[in-house]
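# A structural walkthrough
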Amino acid sequence: MTTPLAPDHAAPRRTFIEQLSTAWATRDSLLCVGLDPDPARFPAELAGRPDAIFEFCKGIVDATADLACAFKPQIAYFAAHRAEEQLEALIAHIHTRHPGTPVILDAKRGDIGSTAEQYAIEAFERFAADAVTVNPYMGRDSVEPYLAWPERGVILLCRTSNAGGSDLQFLDVGGERLFERVARLAAEQWNSTGQLALVVGATFPAEIARVRTLVGDMPLLVPGIGAQGGDIEATVLAGQTAVGGGLMINSSRAILYAGKGRASLAEYAAAARTAAQATRDAINQFRQLCGQGAPATGASA
Ligand SMILES: O=C(O)c1cc(=O)[nH]c(=O)n1[C@@H]1O[C@H](COP(=O)(O)O)[C@@H](O)[C@H]1O
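The structure displayed is predicted, hence computed values, not measured ones. Throughout, residues of each chain are indexed from 1 in the direction in which the sequence is written. The predicted origin of the model limits local features to residues at a pLDDT of at least 70 and limits the giving and counting of side-chain atom pairs to 80 or more, whereas totals for whole chains, interfaces and linings rest on all residues. By convention in this description, side-chain values take in all heavy atoms of the structure and omit both hydrogens and water.

A separate point is the UniProt feature "active site" (unreviewed entry) in the chain. UniProt positions are given in the numbering used here, feature names are shortened, and annotations may be inferred rather than shown by experiment. The UniProt record marks Lys108 with the feature "active site" (unreviewed entry), using the residue numbering of this structure. One can find lysine 108 in strand S3 (residues 104-109). A polar contact is formed between the side chain of lysine 108 and the side chain of aspartate 106, at a distance of 2.9 Å. Counting from the N terminus, the helices are the DSSP runs of H or I reaching at least four residues and the strands are the DSSP runs of E reaching at least two. Polar contact criterion, stated in full: a pair of N or O atoms within 3.5 Å, where within protein one must be able to donate a hydrogen and the other to accept it, and residues adjacent in sequence count only if both atoms are side-chain atoms.

Below you can see the structure in the form of structure tokens.
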């Protein structure tokens with residue numbers, strides 16, 4: 001495992017949205033590969049290794065980077081195993097070996113402004129993530145500290161993929177549902193810096209379509225295909241922009257553990273690559289079926 005690089009907040013860098021737009025175009029991919037490493041599901045070869053989480057994720061990353069528009073490590077899978085340093089090293093590895101591939105730290109943070117400032121430092125300096133997922137439930141001042149980092153992305157939970165998301169997100173708040181209010185606030189009031197994106201689950205295509213009408217071309221992170229059973233065709237048709245882009249469609253377990261039962265990391269990596277390629281191609285097939293032309297080629301994608 002390599003030692004993580006020093007944080008690079010001071011260095012000029014391309015914005016998350018710029019990186020994402022380039023990755024959409026150059027990889028011809030709307031697939032975000034989720035990194036949710038569960039040591040209980042690792043190949044036997046890694047058993048007992050103190051750096052198993054880093055090595056497993058590195059194997060998946062190196063096998064899929066040219067197929068992905070982004071990687072999304074989920075911080076809980078690292079923190080639960082006291083593996084935050086392995087997460088730092090993994091993100092440094094992605095930046096060094098696969099430059100231009102944005103890293104979304106899935107942390108779903110949300111707190112008062114002074115604490116949010118610390119969460120922003122954690123995500124953007126400690127982990128050097130290009131974007132972070134944030135829970136907007138505490139309101140505008142809980143989101144603002146992340147906007148002090150104008151080159152990073154801030155991805156707000158809007159309509160989550162889980163069934164229980166409807167408990168609150170579907171509440172009527174003055175003639176609209178709560179997730180619609182979040183989408184409108186994000187698009188009309190909170191996005192002065194152009195950094196925002198939204199999470200909308202692939203398990204609810206009707207809401208993806210609704211959010212798309214509310215937010216224009218704002219990027220959408222769409223988890224829920226693969227292990228959660230979301231429909232790729234419905235997701236793409238509901239969420240793509242006019243030029244067939246605008247989506248980061250995440251799959252984690254269905255890619256990470258496609259090699260289930262095999263013994264070596266190399267076999268897991270090869271199976272992950274096959275699964276990622278099939279998923280990317282399935283997504284692209286529906287972009288083409290929609291008759292909306294070539295894949296995204298610019299920031300408006
Ligand atoms: O913010 C997220 O990424 C997220 C939001 C949501 O509504 N639903 C959701 O599943 N996620 C995350 O997306 C990933 C989905 O993993 P798989 O179901 O294995 O593809 C997990 O890391 C979840 O934490």
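After that view, the rundown keeps rolling.
Feature annotation in UniProt places "domain: Orotidine 5'-phosphate decarboxylase" (unreviewed entry) on residues 30-268, given in this structure's numbering. Helix makes up 41% of residues 30-268 and strand 17%, whereas the separation of the span's terminal C-alpha atoms amounts to 22 Å.

Nonpolar side chains collect at one region of the surface, where Ile112, Tyr137 and Met138 lie side by side and expose about 360 Å² of accessible area between them. On the secondary structure map, tyrosine 137 appears in the loop between strand S4 (131-134) and helix H6 (140-147). Only protein chains enter the accessibility calculation, which uses a 1.4 Å probe; a residue is then buried when its area is under 20% of its type maximum, exposed when over 50%, and partly exposed in between. What makes tyrosine 137 exposed here is its relative accessible area of 67%. Exposure above 30% relative accessible area and the absence of a salt bridge qualify a residue for a patch, where like charges join within 9 Å and nonpolar side chains (Val, Leu, Ile, Met, Phe, Trp, Tyr) within 5 Å. Per-residue accessibility takes into account occlusion by the displayed protein chains alone, with areas from the Shrake-Rupley method and a 1.4 Å probe. In the sections that follow, a salt bridge refers to a side-chain nitrogen of Lys or Arg positioned within 4 Å of a carboxyl oxygen of Asp or Glu.

With respect to the element layout, asparagine 250 can be found in strand S8 (residues 247-251). Exposure remark for asparagine 250: the relative accessible area of 4% places this residue in the buried category. At 3.3 Å, the side chain of asparagine 250 and the backbone nitrogen of glycine 34 are in polar contact.

What follows deals with unusual backbone geometry. Even without being a glycine, arginine 82 presents a positive backbone phi close to 55°. Backbone geometry at lysine 108 places phi at a positive 50°, although glycine is not the residue there. Here lysine 108 falls in the partly exposed class, since its relative accessible area comes to 39%.

We now examine the site of the ligand. Summary of the distance rule: residues count as near a molecule or strand when at least one heavy atom falls within 4 Å of that molecule or strand. Taken together, 17 residues are adjacent to the ligand, and Asp36, Ser161, Gln228, Ser252 and Arg253 come closest. Between arginine 253 and the ligand, the recorded distance is 2.6 Å, taken from a side-chain N or O atom to an oxygen atom. For the ligand, the accessible surface in isolation is 500 Å², of which the surrounding protein chains cover 90%. In terms of residue class, the shell around the ligand is built from five nonpolar, seven polar and five charged. Here the nonpolar group is Ala, Val, Leu, Ile, Met, Phe, Trp, Tyr, Cys and Pro; Asp, Glu, Lys and Arg are the charged ones; every other residue, Gly included, is treated as polar.

In this analysis, rings of Phe, Tyr and Trp, with Trp reduced to its six-membered ring, are considered paired at centre separations within 6.5 Å, and the interplanar angle assigns stacked below 30 degrees, edge-to-face beyond 60, and tilted for intermediate values. Scanning the model with the defined rule gives six aromatic pairs in all. Ring geometry for phenylalanine 56 versus tyrosine 268: centroids 6.1 Å apart, planes at 70°, classification edge-to-face. Of this pair, phenylalanine 56 sits in helix H2 (residues 52-64) while tyrosine 268 sits in helix H12 (residues 265-289), and the two are 212 residues apart along the sequence. By relative accessible area, tyrosine 268 is classed as buried at 4%. Site record: aromatic cluster; members linked through ring pairs are Phe42, Phe56, Tyr257 and Tyr268. Remark: a charge is flagged as sitting over a ring if the NZ atom of Lys or the CZ atom of Arg is within 6 Å of the ring centre and within 35 degrees of the ring normal. The ring centre of phenylalanine 204 lies 3.6 Å from the NZ or CZ of arginine 159, which sits over that ring.

Moving on, we get to the sheet that holds strand S7 (residues 220-223). The strands making up a sheet are joined through hydrogen bonds of the backbone, oriented either antiparallel or parallel. Strands sit in the order S2-S1-S8-S7-S6-S5-S4-S3 across an open sheet of eight strands; the sheet is parallel. For this open sheet the edge positions go to strand S2 (70-73) and S3, each flanked by a neighbour on one side alone. The mean angle between the axes of side-by-side strands here comes to 30°, regardless of whether they run parallel or antiparallel. The pairing criterion for strands is at least two bridges between them, as found by DSSP. As paired elements, strand S1 (residues 31-35) and S8 share three bridges and run parallel to each other. By the bridge assignment, leucine 31 is partnered in S8 with isoleucine 249. Contacts are residue-level and defined by heavy atoms, with any inter-residue pair within 4.5 Å sufficient. Lines fitted to the C-alpha atoms define the axes, with helices restricted to the stretch that makes contact. Angles between their N-to-C directions range from 0 to 180 degrees. Seen against the sheet, H6 touches S3, S4, strand S5 (153-159) and strand S6 (196-200) and runs at an angle of roughly 150° to S5.

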